[in-house]
Amino acid sequence: MASTEIARQAGEGARTVPLAGHVGFDSMPDQLVNKSVNHGFCFNILCVGETGLGKSTLMDTLFNTKFEGEPTQHNQPGVTLKSNTYELQESNVRLKLTVVNTVGFGDQINKEDSYKSIVEFIDAQFEAYLQEELKIKRTLHSYHDTRIHACLYFIAPTGHSLKSLDLVTMKKLDSKVNIIPIVAKSDAISKSELAKFKIKITSELVSNGVQIYQFPTDDESVAEINSTMNSHLPFAVVGSTEEVKIGNKMVKARQYPWGTVQVENENHCDFVKLREMLIRVNMEDLREQTHTRHYELYRRCKLEEMGFKDTDPDSKPFSLQETYEAKRNEFMGELQKKEEEMRQMFVQRVKEKEAELKEAEKELHEKFDRLKKLHQDEKKKVEDKRKSLDDELNMFKQKKTAAELLQNQAQQAGGSTTLKRDKERKNLGFL
Amino acid sequence: MSESAKPHHPSPQGKGEKTHASDFSYVGIDAILEQMRRKAMKQGFELNIMVVGQSGLGKSTLMNTLFKSKVSRKSVQPNPEERIPKTIEIKSISHDIEEKGVRMKLTVIDTPGFGDHINNENCWQPIMKFINDQYETYLQEEININRKKRIPDSRVHCCIYFIPPTGHCLRPLDVEFMRRLSKVVNIVPVIAKADTLTLEERDFFKQTIREELRANGIDVYPQKEFDEDADDRMINDKIREMIPFAVVGSDQEYQVNGKRILGRKTKWGTIEVENIGHCEFAYLRDLLIRTHMQNIKDITGSIHYETYRVRRLNESNAHFKSQPSDQPAVQPKANGQPEVKPSAPQANGVAAKHEVMSHEM
């Protein structure tokens, strides 16, 4: 009915037109920023490192506040992740900060599976976001984003090299999250050792192909500072929430008998650099990288795993819906088949059991019958015996009376001696 | 986020209140604003405006006036034929404009032929189809597996509807069009060529229009239901009092009182376009560009597009349910067990299936 014509000029499809006056759309960045301010920001940090490396203290120092929680014990059976969300505000910016701590990392005797719970956690956050994105009725703009934006990996200050646990864990995490390695409790290492340590760490990471987060150098305003900082990785930090009076100021520091390590002194440690890079310069970039690189990778893998493709052989784009339907039908079909099988098995078993029970019942009946018969026979026998005994008794009685009668007659007819003889004779006769 | 403190009263949790020791307790979270600004400047912005109205109402001129450059179709086409096309055409032209370091890709979508025929039935259909096509393109790109870093946004953010200055009331065509399109796109109605109305006529006309819009349930931008908070509502209420803006467009400059200003010169005087005493062009420009541009884009993205998406995904859901499945396993069970669940759990139709499948994995 209508023709749709999209007229595109040379170049990328648009022509550059000069403006004859002030139009006013230079306020667009402001409008965008205002909207974000009203909405609030969220930032999620994951702290991975062995127990006792000062993760919680560093978080407290970074964000200048006391997050709750006491230090964990060393006897955890496995690695669990504990996450806490805090609402911070500075001037008109509201930040929903989530700090996730690995509890029990590196404490077990067998550490083969330590990285697994971390990877699972990160994946679970991606999964939650993916689910929300795929919903039909979704509320993406008010969704609380829990995806991990930055992973601070705490390296123990041994001064030698990375531990194998560190290498394995970082290798598993580098494609899922932005890793920023830091040397924890770096006041334990001297300056010269530190330089060597850093070089060793970087070379080990490179030779093992671990992709750590590089601060972006494509924007001119921050390219310089970012590239300088890139060369200072991993940052050697010291964290402290205690304040010590130096000169006439109160500064955050750690006091030793031989001196005081000032946290915010760039000569003492790289804390300021870390704060600068993590929060003041690259927070937005970290969030963007998480969304456009790591999340997209996860999404692609997950969807491909589930069997979706972008186009089918005749290059007609598949709709996600179609594939869902197909998969769903398949799955339901399988489910029903399985159920059918189980039902059959159940019926079979019931039949068998019934047969068994019937058999048993029959047997019981037979036994009962037998017993009854036996009982009756016995009874009969006893009756018979009784009868015979009765007969005998009767006969005996008869004979007795007959004998007595004869005796009486004999007594009347003959003498007593014949009686005796007769008696004897009779007795003999009886016997 | 309701318990967040207002800007002048920093919340006790988060930073120390020592204002004299500047660096001591300052974390630097607010530097994120600067970072965002930098990122936005680097990326540039996109804006797609559609102009709809009968021919001769000054649409192209108004576009040129708004953006102070030759952005309209007529300025771009080498041979502007003044014929009215047989069918409604949709012509879209893009420009890259830059001001004070802020780059914007502006796309002006023109609709020659709208309302110009004798029988104007269904003349909104090609326009609705175009708008929905843009949503469709965006949706397809969004559900791709390998998708671009930044999905090119060709969705129509704002539709300026030109009402001819009859001075009486809205015509049936106007009502029909606005009724249908206010559901899919942000509509900003303007009274075109407002220099033919006196101030009283103008006020009366505006009032009538507002009444009619209300009576027909037409929600034009800024929509009442999308006001976020009391401040927003206040500002938007003021705007809603002034809708529709009575505008005059001109891309010719004249000398008035020693200044060169855009205007229309007539025998009885010069109408200054940017003079709010003469016409309301300045209000329109401020609304569209200087204050509410981001808001317009947000409403398009998060409300109109989402509505389309919900509808579309439900449609294809229903479509596949009704199709006879060629898989033998899906049969209604004899013992009355329910078959494949329909998309009745609307909110989570897709998610539920997704979960089901992830369990299978």
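Because the structure is predicted, anything quoted here is derived from the model rather than measured.

Caption draft 1: The packing of aromatic side chains, seen in detail. As enumerated under the stated definition, the model contains 14 aromatic pairs over all chains in all. Arranged with centres 4.9 Å apart and planes meeting at 70°, the rings of Phe-114 of chain B and Phe-177 of chain B form a pair that is edge-to-face. Taken together, the positions of Phe-114 of chain B in the loop between β3 (102-110) and α4 (125-143) and Phe-177 of chain B in helix α5 (residues 172-181) put the pair 63 residues apart, joining distant regions of the chain. Each member of the pair Phe-114 of chain B and Phe-177 of chain B is classed as buried. Every member of this aromatic cluster is reached through a ring pair, and the members are Phe-126, Tyr-129, Tyr-143, Tyr-295 and Tyr-298 of chain A. Directly above the ring of Tyr-129 of chain A sits Arg-147 of chain A, whose terminal nitrogen or CZ lies 3.7 Å from the centroid. Lying across the ring of Tyr-138 of chain B, Arg-155 of chain B places its NZ or CZ 3.8 Å from the centre.

Caption draft 2: Spatial organisation of the packing of α4 of chain B against α5 of chain B. Residues and elements named next belong to chain B. It is at 11 Å that the axes of α4 and α5 come closest, and there the two elements cross at 15°. One way to sum up the angle between α4 and α5 is to call them roughly parallel. In this structure, α4 crosses over α5, and the sense of that crossing is right-handed. Residue-level contacts link Ile-127, Met-128 and Ile-131 of α4 to Phe-177, Arg-180 and Leu-181 of α5. Here the contact of α4 with α5 is composed, by residue class, of 5 nonpolar, no polar and 1 charged.

Caption draft 3: Main features of the sheet that holds strand β7 (residues 253-256) of chain B. Residues and elements named next belong to chain B. Pairing in this open sheet of 3 strands is antiparallel, and the strands run β7-β8-β9 from one edge to the other. In this open sheet, the two strands that pair with only one neighbour each are β7 and β9 (269-272). Geometrically, the sheet is characterised by an average inter-axis angle of 65° between neighbouring strands, direction not taken into account. Note: strand β8 (residues 259-266) against β9, 4 bridges, orientation antiparallel. Its bridge partner being in β9, Gly-263 is matched across the sheet by Glu-272.

Caption draft 4: Molecular detail of the nonpolar core. The biggest cluster of nonpolar side chains holds 87 residues, and the ones touching the most others in it are Phe-63 and Leu-278 of chain A. The element best represented in this core is helix α3 (residues 114-134) of chain A, accounting for 9 residues. Once you skip the residues sitting within four places of it in the chain, Leu-278 of chain A turns out to touch Phe-43, Ile-45, Leu-62, Ala-150, Leu-152, Ile-180, Met-283 and Leu-286 of chain A. Formed by 85 residues, the second largest nonpolar core is a distinct cluster that contains Ala-40, Leu-57, Ile-163 and Val-248 of chain B.

Caption draft 5: Expanded view of the environment of Val-206 of chain A. As for its placement among the helices and strands, Val-206 of chain A is situated in helix α5 (residues 191-207). On a C-alpha basis, the gap between Val-206 of chain A and Asp-60 of chain A in space is 31 Å, while along the polypeptide they are 146 residues apart.

Caption draft 6: Focus on unusual backbone geometry. Here Leu-233 of chain A and Pro-234 of chain A are connected by a cis peptide whose omega angle stands at -10°. Following the sequence through the fold, Pro-234 of chain A ends up in the loop between α6 (220-232) and β8 (235-236). Between Tyr-221 of chain B and Pro-222 of chain B the backbone carries a cis peptide bond, its omega angle lying at -5°. With respect to the helices, strands and loops of the structure, Pro-222 of chain B is situated in the loop between α6 (199-215) and α7 (230-242). Although it is not a glycine, Ser-91 of chain A sits at a positive phi angle of roughly 45°. Along the chain, Ser-91 of chain A turns up in the loop between β4 (80-90) and β5 (93-103). Judged by relative accessible area, Ser-91 of chain A falls into the partly exposed class, the value being 31%. Here the phi dihedral of Lys-185 of chain A falls at roughly 45°; this positive angle occurs in a residue that is not glycine. Take Lys-185 of chain A: it is sitting in the loop between β7 (179-183) and α5.

Caption draft 7: Examining α5 of chain A more closely. Residues and elements named next belong to chain A. For α5, which comprises 17 residues, the first-to-last C-alpha distance of 24 Å matches the rise-based estimate of 24 Å (1.5 Å per residue) to within 8%. For α5, the complete set of buried residues consists of Leu-194, Phe-197, Lys-198, Ile-201, Glu-204 and Leu-205. One face of α5 carries all of its buried residues, which in axial projection span an arc of 135°. Turned more than 90 degrees away from the buried face of α5, the exposed residues are Ser-192, Lys-196, Ile-199, Val-206 and Ser-207. Against β6 (150-155), α4 (164-173), β7, α6 and β8 lie the buried residues of α5. Directly after α5, the chain includes Gly-209, whose backbone phi takes a positive value near 70°.

Caption draft 8: Expanded view of the sheet that holds strand β9 (residues 243-246) of chain A. All names here are of chain A. Judged by pairing direction, the sheet is antiparallel, and its 3 strands sit side by side in the order β9-β10-β11 without closing on themselves. Of all the strands in the sheet, just β9 and β11 (259-262) have a single pairing partner and so form its edges. The mean angle between the axes of side-by-side strands here comes to 65°, regardless of whether they run parallel or antiparallel. The pairing of strand β10 (residues 249-256) with β11 spans 4 bridges and is antiparallel.

Caption draft 9: Seen up close, the packing of helix α2 (residues 55-63) of chain A against helix α7 (residues 271-281) of chain A. Residues and elements named next belong to chain A. The contact between α2 and α7 brings their axes to 11 Å, and the two run at 70°. Our classification of the angle between α2 and α7 gives roughly perpendicular. In this structure, α2 contributes Leu-58, Thr-61, Leu-62 and Phe-63 to the contact, and α7 contributes Phe-271, Leu-274, Arg-275, Leu-278 and Ile-279. Taken together, the residues that form the contact of α2 with α7 break down as 7 nonpolar, 1 polar and 1 charged.

Thresholds, definitions, all that
Residues numbered from 1 in each chain as written. Chains lettered and ligands numbered in written order. Predicted model: local features only at pLDDT ≥ 70, side-chain atom pairs only at ≥ 80, totals over all residues. Heavy atoms only, no water. Phe/Tyr/Trp six-rings, centres within 6.5 Å; stacked < 30°, edge-to-face > 60°. Helix = DSSP H or I, 4+ residues; strand = E, 2+ residues; numbered from the N terminus. Buried < 20%, exposed > 50% of the residue type's maximum accessible area, 1.4 Å probe, protein only. Lys NZ or Arg CZ within 6 Å of the ring centre and 35° of its normal. Axes fitted to C-alpha atoms, helices over the stretch in contact; angles between N-to-C directions. Parallel < 35°, antiparallel > 145°, perpendicular 65-115°, else oblique. Left-handed = near helix turned anticlockwise from the far one by under 90°. Contact = heavy atoms within 4.5 Å. Nonpolar A, V, L, I, M, F, W, Y, C, P; charged D, E, K, R; others polar. Pairing = 2+ DSSP bridges. Core = buried A, V, L, I, M, F, W, Y, C linked by side-chain atoms within 4.5 Å. Expected span 1.5 Å × (residues − 1). Arc of directions from axis to C-beta.

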